[in-house]
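# Coordinates in review
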Amino acid sequence: KLHPQEEGLTGVHLKWVMNSHQKVLLSWAGAYLPDLSSVPKSEGGSLVSENPWWLTPVKSIIFGGQEMAVHYSLNKPSLSEVVNHPGWALQWFFEKKSFWTRQSFAYKPLNALLTASQITVRPDGQGGNYLDAQLYPYVAYQKLFTSEWGYEWGKNHIWLSYTYSDPEKKENEGNWIVQNVERAHILGGGVVFPSDRGYQWSVDFIHISGGQNNDDTDFELEESLYENLWRFYEAFRVSIKKDHFLNHPLSVSLSGTYDFRQKAGLFQGEASWAPLPNWSFFAQIDLLGVVEEDIADVENGFLRNYRSNDQLVLGMDYVF
């Protein structure tokens, strides 16, 4: 989750070059591939996963003024029920000299599956009751509009982006807890500038208004039953990168991120060494931590939930 990868879209892509400054791109993707980085399994009434990026849901909720334990069962959809959700996008790009802008609209599924839980009250055999939660992952569509602007001078680059996300909502059919996501306004921007010694610096930010889970339910929930989709809410990042470090085939990059609403931070470092044309060795380190123990605006945010997931990755690549 800390190193998302961009993948190409399989579908139909039509490009119309209007002139030397403008082009239009229309894309249609016939298959949907959601984020499946942490798929759990049902075990003894709980949802468990060996993946450290899985967040266990709440173990009890208030029902009828009484706190009851929750037992979970996962009903996995078939492959066709997930994949058969096409999406499309339209993009206009304009570039003139050092200025560029890109305006995009898309109607596509959210990157992650959402969940609807059917709740049934059952006796626990000890004179009380528990809640049987049957979880049904489902695909939710969203309307996306993005406006991007940028300007380059020399080797410097500045950019600004605004995105509006409007996810569709699933209706509650009775004793359900349905995960719905609020509309989100996402503002981002940054600047990239090199130094005289070959270092490349970058400073960027992101600010998200909305986008929280808004569970559709009649139950009394102090917080959402489900994990939030966003990893950062109001974050500031500083990065530095250097190729041919110490005059060797060594690339090094460091970055530090602080989220003001989570009051938590993330430090990341990467290094890649290619001593031979077909060989390369790499290392990655990720350190998550709560900077301020005070109550945060987003207590169940990504950085706070996974604060113990520091990791060090070492690897080697060989190209035949």
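Residues numbered from 1 in each chain as written. Predicted model: local features only at pLDDT ≥ 70, side-chain atom pairs only at ≥ 80, totals over all residues. Heavy atoms only, no water.

## Some details on the overall build of the protein
What the protein contains, in helices and strands, is two helices and 20 strands. For the protein, the spread of C-alpha atoms along the principal axes amounts to about 75 × 45 × 45 Å. Counting across all 320 residues of the protein, residues that qualify as buried make up 33%. Intrachain contacts of the protein at a sequence separation of at least 6 include 59% that bridge at least 24 residues. As presented, the protein carries roughly 19,400 Å² of accessible surface, and 55% of it is formed by carbon and sulfur atoms. Mean positive and mean negative side-chain charge positions of the protein (25 and 38 charges, respectively) differ by 9 Å. (Helix = DSSP H or I, 4+ residues; strand = E, 2+ residues; numbered from the N terminus. Buried < 20%, exposed > 50% of the residue type's maximum accessible area, 1.4 Å probe, protein only. Contact = heavy atoms within 4.5 Å. Areas by Shrake-Rupley, 256 points an atom, 1.4 Å probe, with all protein chains shown as cover. Lys, Arg positive; Asp, Glu negative; His and termini not counted. Charge placed at Lys NZ, Arg CZ, Asp CG, Glu CD.)

## A look at the pairing of strand 6 (residues 66-74)
Of the pairings in the sheet, the one linking strand 5 (residues 60-63) to strand 6 comprises four bridges and is antiparallel in character. Along strand 6, the bridge assignment pairs Phe-63 with Gln-66. Here strand 5 folds back onto strand 6, and the loop between the two strands holds two residues, one of which, Gly-64, carries a positive phi near 60 degrees. (Pairing = 2+ DSSP bridges.)

## Here's the deal with the environment of Ser-165
Structurally, the position occupied by Ser-165 is in strand 12 (residues 156-167). Assessed through its relative accessible area of 4%, Ser-165 is described here as buried. It is 31 Å that separates the C-alpha atoms of Ser-165 and Lys-59, two residues lying 106 residues apart in sequence. With residues up to four places along the chain from it excluded, the contact list for Ser-165 reads Gln-142, Lys-143, Leu-144, Arg-183 and Ala-184.

## Topic: the sheet that holds strand 5
Strand order in the open sheet formed by five strands is 5-6-10-9-13, with mixed pairing between adjacent strands. Taken across any chain shown, the strands that pair with only one partner, and hence form the sheet edges, are strand 5 and strand 13 (176-178). Strand after strand, the sheet turns through a mean of 35 degrees between neighbouring axes, direction not considered. As judged from the ten bridges shared by strand 9 (residues 114-123) and strand 10 (residues 129-138), these two strands associate in the antiparallel manner. (Axes fitted to C-alpha atoms, helices over the stretch in contact; angles between N-to-C directions.)

## Quick notes on unusual backbone geometry
The phi dihedral of Lys-97 falls on the positive side, at around 55 degrees, and the residue is not glycine. With respect to the element layout, Lys-97 can be found in the loop between strand 7 (87-96) and strand 8 (99-109). Exposure remark for Lys-97: the relative accessible area of 79% places this residue in the exposed category.

## What about the environment of Arg-197?
Among the secondary structure elements, Arg-197 is positioned in the loop between strand 14 (184-194) and strand 15 (199-210). A sequence separation of 54 residues divides Arg-197 from Ser-251, and the C-alpha atoms of the two residues are 14 Å apart.

## A closer look at the packing of aromatic side chains
The full count for this structure, using the stated rule, is 13 aromatic pairs. For the ring pair Phe-99 and Trp-149, a centre distance of 6.0 Å and an interplane angle of 40 degrees mean the geometry is tilted. Pair noted here: Phe-99 is in strand 8 and Trp-149 is in strand 11 (residues 141-153), with a separation of 50 residues, a long-range link. Judged by its relative accessible area of 30%, Phe-99 falls in the partly exposed class. A relative accessible area of 42% means that Trp-149 is categorised as partly exposed. Plain terms: the ring middles of Tyr-107 and Tyr-141 are 4.9 Å apart, the flat faces sit at 15 degrees to each other, and that makes the pair stacked. In this pair, Tyr-107 sits in strand 8 while Tyr-141 sits in strand 11, placing the two residues 34 residues apart along the sequence. On the accessibility criterion, Tyr-107 (24% relative accessible area) is partly exposed. Clustering of aromatic rings is evident, with ring pairs tying together Trp-53, Phe-302 and Tyr-306. (Phe/Tyr/Trp six-rings, centres within 6.5 Å; stacked < 30°, edge-to-face > 60°.)

## Describing the pattern of salt bridges
Enumeration over the complete set of coordinates arrives at five salt bridges. Between Arg-122 and Asp-132 there is a salt bridge, with the nearest N and O atoms lying 2.9 Å from each other. Residue Arg-122 is found in strand 9, and its partner Asp-132 is found in strand 10; the two are separated by ten residues along the sequence. Among the ionic pairs, Asp-166 bridges to Arg-183, the shortest N-O distance being 3.2 Å. Here the residue Asp-166 occupies a position in strand 12, and Arg-183 occupies one in the loop between strand 13 and strand 14, the gap between them amounting to 17 residues. Owing to a relative accessible area of 16%, Asp-166 belongs among the buried residues under this scheme. (Salt bridge = Lys/Arg side-chain N within 4 Å of Asp/Glu carboxyl O.)

## Things to note about a negative patch on the surface
The grouping of Glu-171, Glu-173, Asp-216 and Asp-218 at the surface amounts to a negative patch. Inspection of the secondary structure puts Glu-173 in the loop between strand 12 and strand 13. (Patch = residues over 30% accessible without salt bridge, like charges linked within 9 Å, V, L, I, M, F, W, Y side chains within 5 Å.)

## Examining the nonpolar core
Core analysis: the biggest nonpolar cluster contains 13 residues, and Ile-61, Tyr-72 and Ile-177 have the highest contact counts within it. Among the secondary structure elements, those contributing two or more residues to this core are strand 6 and strand 10. The residues contacting Tyr-72, other than those within four sequence positions of it, are Ser-42, Gly-45, Ser-46, Leu-47, Pro-57, Val-58, Ala-133, Leu-135 and Leu-225. (Core = buried A, V, L, I, M, F, W, Y, C linked by side-chain atoms within 4.5 Å.)

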